[in-house]
Amino acid sequence: MEISDPVESLLAALQIKALIKSLPYPEENKRSSPVDVRMAIGIGAKTHDAERISESNGEVFVRSGEKFEQLKGEMITLAINSPWAEWNDEMNLYLKLAGIQMDSWSISSGELMSEMLSNPDRTQAQIGEILHINQNSVSKRYKAANGEDILAMEKLFRKKLSKAISN
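Given the structure is predicted, the values throughout are model-derived calculations rather than measurements. (Residues numbered from 1 in each chain as written. Predicted model: local features only at pLDDT ≥ 70, side-chain atom pairs only at ≥ 80, totals over all residues. Heavy atoms only, no water.)

Draft legend 1. Layout of the overall build of the protein chain. Secondary structure summary: the protein chain contains 7 helices and 2 strands in total. Rg of the C-alpha trace for the protein chain: 17 Å, near the compact-globule value of 15 Å for 167 residues, within the 12% margin. Considered along the principal axes of its C-alpha atoms, the protein chain spans approximately 50 × 35 × 30 Å. Counting over 167 residues, the protein chain shows a buried share of 40%. For the protein chain, restricting intrachain contacts to residue pairs at least 6 apart in sequence, the fraction spanning at least 24 positions comes to 61%. Measuring between centres, the 20 positive side-chain charges of the protein chain sit 6 Å from its 24 negative side-chain charges. (Helix = DSSP H or I, 4+ residues; strand = E, 2+ residues; numbered from the N terminus. Rg over C-alpha atoms; globule rule 2.2 N^0.38 Å. Buried < 20%, exposed > 50% of the residue type's maximum accessible area, 1.4 Å probe, protein only. Contact = heavy atoms within 4.5 Å. Lys, Arg positive; Asp, Glu negative; His and termini not counted. Charge placed at Lys NZ, Arg CZ, Asp CG, Glu CD.)

Draft legend 2. Spatial organisation of the layout of surface pockets. For the largest pocket, the calculated volume is near 590 Å³. Along the walls of the largest pocket sit 23 residues, with Met1, Glu2, Ala40, Ile41 and Gly42 positioned nearest its centre. Taken together, the elements giving at least two residues each to the lining of the largest pocket come down to α1 (9–21), β1 (39–42) and α2 (59–74). (1 Å grid on protein atoms, 1.4 Å probe; cavity = no way out; pocket = protein on both sides within 12 Å on 5 of 7 lines; lining within 4 Å. Points joined across faces, edges and corners; volume = space filled by probe spheres on them.)

Draft legend 3. Looking closely at the environment of Lys160. In this fold, Lys160 is placed in helix α7 (residues 147–166). Owing to a relative accessible area of 26%, Lys160 belongs among the partly exposed residues under this scheme. Sequence spacing of Lys160 and Met91 is 69 residues, and the spatial spacing of their C-alpha atoms is 9.0 Å. Apart from residues lying up to four places away in sequence, Lys160 is in contact with Trp87, Glu90 and Met91.

Draft legend 4. Focus on α2. If you check α2, its first and last C-alpha atoms are 22 Å apart, about what 16 residues at 1.5 Å a residue would give, namely 22 Å. Residues Val60, Arg63, Ser64, Lys67 and Leu71 constitute the buried set of α2. Down the axis of α2, the smallest arc covering the buried residues is 90°, so these residues share one side. Turned more than 90 degrees off the buried face of α2, the exposed positions are Glu69, Lys72 and Gly73. Where the residues of α2 are buried, they touch β1, β2 (78–81) and α3 (85–102). (Expected span 1.5 Å × (residues − 1). Arc of directions from axis to C-beta.)

Draft legend 5. Structural context of α1. For α1, with 13 residues, the first-to-last C-alpha span of 18 Å sits near the 18 Å given by 1.5 Å per residue. The set of residues buried in α1 consists of Ser9, Leu10, Leu11, Ala12, Ala13, Leu14, Lys17, Ala18 and Lys21. Contacts made by the buried residues of α1 are with β1, β2, α3, α4 (107–118) and α7.

Draft legend 6. Examining a nonpolar patch on the surface more closely. Taken together, Leu93, Leu97 and Ile100 make up a surface patch of nonpolar side chains, about 320 Å² in accessible area. Relative to the elements of secondary structure, Ile100 occurs in helix α3. (Patch = residues over 30% accessible without salt bridge, like charges linked within 9 Å, V, L, I, M, F, W, Y side chains within 5 Å. Areas by Shrake-Rupley, 256 points an atom, 1.4 Å probe, with all protein chains shown as cover. Salt bridge = Lys/Arg side-chain N within 4 Å of Asp/Glu carboxyl O.)

In structure tokens:
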């Protein structure tokens, strides 16, 4: 998928991750979903804009493709590749550490984080109404998902990427 503003790219990846982790696995009655997703975020220029994204070209696609190929070997599910090597190292460490938590999200944690990432202005009570749980349960799920840390990492990503782009 293509995100025109790279500052929004991690949020989109986190939303996808949460949505995938929220999917129940019908063959088994498990709390955790065995379904997961691997994603690589590439940041760079697009030199050819085709009607189909698979036919577009540029360093952004090369960067994401190169990083995606490395994910399985590195045993991680989310990473980034930008023109700034030091920035990549720092951000990928944060993503690796966050991935330890996100990869083990339960279905209910994925469901909650999907709602919270997609609707950041909603209160816990409002999210509870959507998920048919009380506010106290929203708070417990949020803590179990380490939601505050995940959102803080996403905010830091925005700040550091904006600074890198402007330099």
